[in-house]
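# Fold and geometry: a report
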Amino acid sequence: MHTSSKLTKEFTKKWVKGLQICCSSKKNMDVLERKKKIKLCADIALASAKNATTSWSIALISEAKKEGENEILVDNLLGPESPFKQQKTIPLMSACHKRVRSKKILKRSCSVGQRMKKMGPPKSNLAIYIAKTLVKKRTQVLQRLVPGGESMDEFSLIKEALDYILSLRVQVDVMRSLAHAAEVSNQSDPNVFG
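First things first, this report covers the structure right here in the doc. (Residues numbered from 1 in each chain as written. Predicted model: local features only at pLDDT ≥ 70, side-chain atom pairs only at ≥ 80, totals over all residues. Heavy atoms only, no water.)

### What about the overall build of the protein?
Across its full length, the protein carries eight helices and zero strands. When the helices and strands of the protein are read in sequence order from the N terminus, they spell out α-α-α-α-α-α-α-α. Going through the 194 residues of the protein one by one, you find that 28% of them count as buried. Excluding contacts between residues fewer than 6 apart, the proportion of contacts in the protein whose partners are at least 24 apart in sequence is 60%. Put simply, the protein shows about 14000 Å² of open surface, and 61% of that area lies on carbon and sulfur atoms. (Helix = DSSP H or I, 4+ residues; strand = E, 2+ residues; numbered from the N terminus. Buried < 20%, exposed > 50% of the residue type's maximum accessible area, 1.4 Å probe, protein only. Contact = heavy atoms within 4.5 Å. Areas by Shrake-Rupley, 256 points an atom, 1.4 Å probe, with all protein chains shown as cover.)

So, in structure tokens, the structure goes:
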């Protein structure tokens, strides 16, 4: 696990490098394109700063590599020593195929569960039923928020979510510092960023 200062330095270095690559590849970008590139660079830099040691970082990098135009950016930010370059995305696809197939089997076998739901929860265990339902709903929300969370069990989902939250906090702190530095610099010399 990265320490916060090491992650901050690594993220900042890779994010600035990504921004330089994006700016040199296309000079005339509108605001929406620029916003997307900044977010893309930040996500890839954050994931590559973790050296593909977490499921969410692997999921972010895989998602970014799907679009061909992002491949150069991803390869440059990962660097030649990245463990992600040796990994293949094919096992992820086969896992997805297995998940779809098992969902179909599960749907077929759910008719018994649907009949039980129509009957409602047992009156003696109403509190337990409500608690389990709330936990299930919140777990589903968390799975949608964490990249790659759909394929994780509950324990690894919580571990990955905590790591992702800490990494996002580093990302926000760096971006906030950069925005503050740009604001201070712009106040002293309005022609610097204008």
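### Notes on the pattern of salt bridges
A side chain with one charge may pair with a side chain of the opposite charge, provided their charged atoms come close. The full count for this structure, using the stated rule, is six salt bridges. With a closest N to O distance of 3.0 Å, Asp 163 and Lys 50 form a salt bridge. Placement of Asp 163 in helix 8 (residues 154-188) and of Lys 50 in the loop between helix 2 (31-49) and helix 3 (55-66) is noted, with a sequence separation of 113 residues between them. Take Asp 163 and Lys 50: they sit in the same class, and that class is buried. Linked through salt bridges whose partners overlap, the residues forming this network are Glu 10, Lys 13 and Lys 14. (Salt bridge = Lys/Arg side-chain N within 4 Å of Asp/Glu carboxyl O.)

### Considering the packing of helix 2 against helix 3
Remark: helix 2 packs on helix 3, axes separated minimally by 8 Å, with the N-to-C direction vectors making an angle of 140 degrees. Considering the angle they form, helix 2 stands oblique to helix 3. Two packed elements cross with a definite hand, and for helix 2 against helix 3 that hand is left-handed. Between helix 2 and helix 3, the residues in contact are Leu 40, Asp 43, Ile 44, Leu 46, Ala 47 and Ser 48 and Trp 56, Ser 57, Leu 60, Ile 61 and Ala 64, respectively. Class assignment of the residues belonging to the contact of helix 2 with helix 3 gives a composition of eight nonpolar, two polar and one charged. (Axes fitted to C-alpha atoms, helices over the stretch in contact; angles between N-to-C directions. Parallel < 35°, antiparallel > 145°, perpendicular 65-115°, else oblique. Left-handed = near helix turned anticlockwise from the far one by under 90°. Nonpolar A, V, L, I, M, F, W, Y, C, P; charged D, E, K, R; others polar.)

### Description of the packing of helix 1 (residues 4-25) against helix 4 (residues 71-78)
The axes of two packed helices give the description: the angle between them and the distance between them. Contact geometry of helix 1 with helix 4 gives a least axis separation of 10 Å together with a crossing angle of 150 degrees. Seen from above, helix 1 lies across helix 4 with right-handed handedness. Each of Lys 14, Lys 17, Gly 18, Ile 21 and Cys 22 in helix 1 lies in contact with helix 4, whose residues at this interface are Leu 73, Asn 76, Leu 77 and Leu 78.

### Looking at a nonpolar patch on the surface
Residues Leu 126, Tyr 129, Ile 130 and Leu 134 make up a contiguous nonpolar surface patch of about 350 Å² in total accessible area. Relative to the elements of secondary structure, Leu 134 occurs in helix 7 (residues 126-145). (Patch = residues over 30% accessible without salt bridge, like charges linked within 9 Å, V, L, I, M, F, W, Y side chains within 5 Å.)

### Examining the side chain of Asp 163
Owing to a relative accessible area of 8%, Asp 163 belongs among the buried residues under this scheme. A polar side-chain atom of Asp 163 sits 3.0 Å from a polar atom in the side chain of Lys 50. (Polar contact = N/O pair within 3.5 Å; in protein donor to acceptor, adjacent residues only side chain to side chain.)

### Concerning helix 1
Spanning 22 residues, helix 1 covers 31 Å between terminal C-alpha atoms, matching the ideal 32 Å at 1.5 Å per step. Among all positions in helix 1, only Leu 7, Phe 11, Lys 14, Trp 15, Gly 18, Leu 19, Ile 21 and Cys 22 are buried. When helix 1 is viewed along its axis, its buried side chains cluster within an angular range of 160 degrees and face the same direction. Opposite its buried face, helix 1 presents the exposed residues Lys 6, Lys 9, Lys 13, Gln 20 and Ser 24, each directed more than 90 degrees away. (Expected span 1.5 Å × (residues − 1). Arc of directions from axis to C-beta.)

### What to know about the nonpolar core
Judged by nonpolar contacts, the single largest core of 29 residues is most densely connected at Phe 11, Trp 15, Ile 44 and Leu 73. For this core, the elements supplying multiple residues, two or more each, are helix 1, helix 2, helix 3, helix 4 and helix 8. It is helix 2 that contributes the most residues to this core, eight residues altogether. (Core = buried A, V, L, I, M, F, W, Y, C linked by side-chain atoms within 4.5 Å.)

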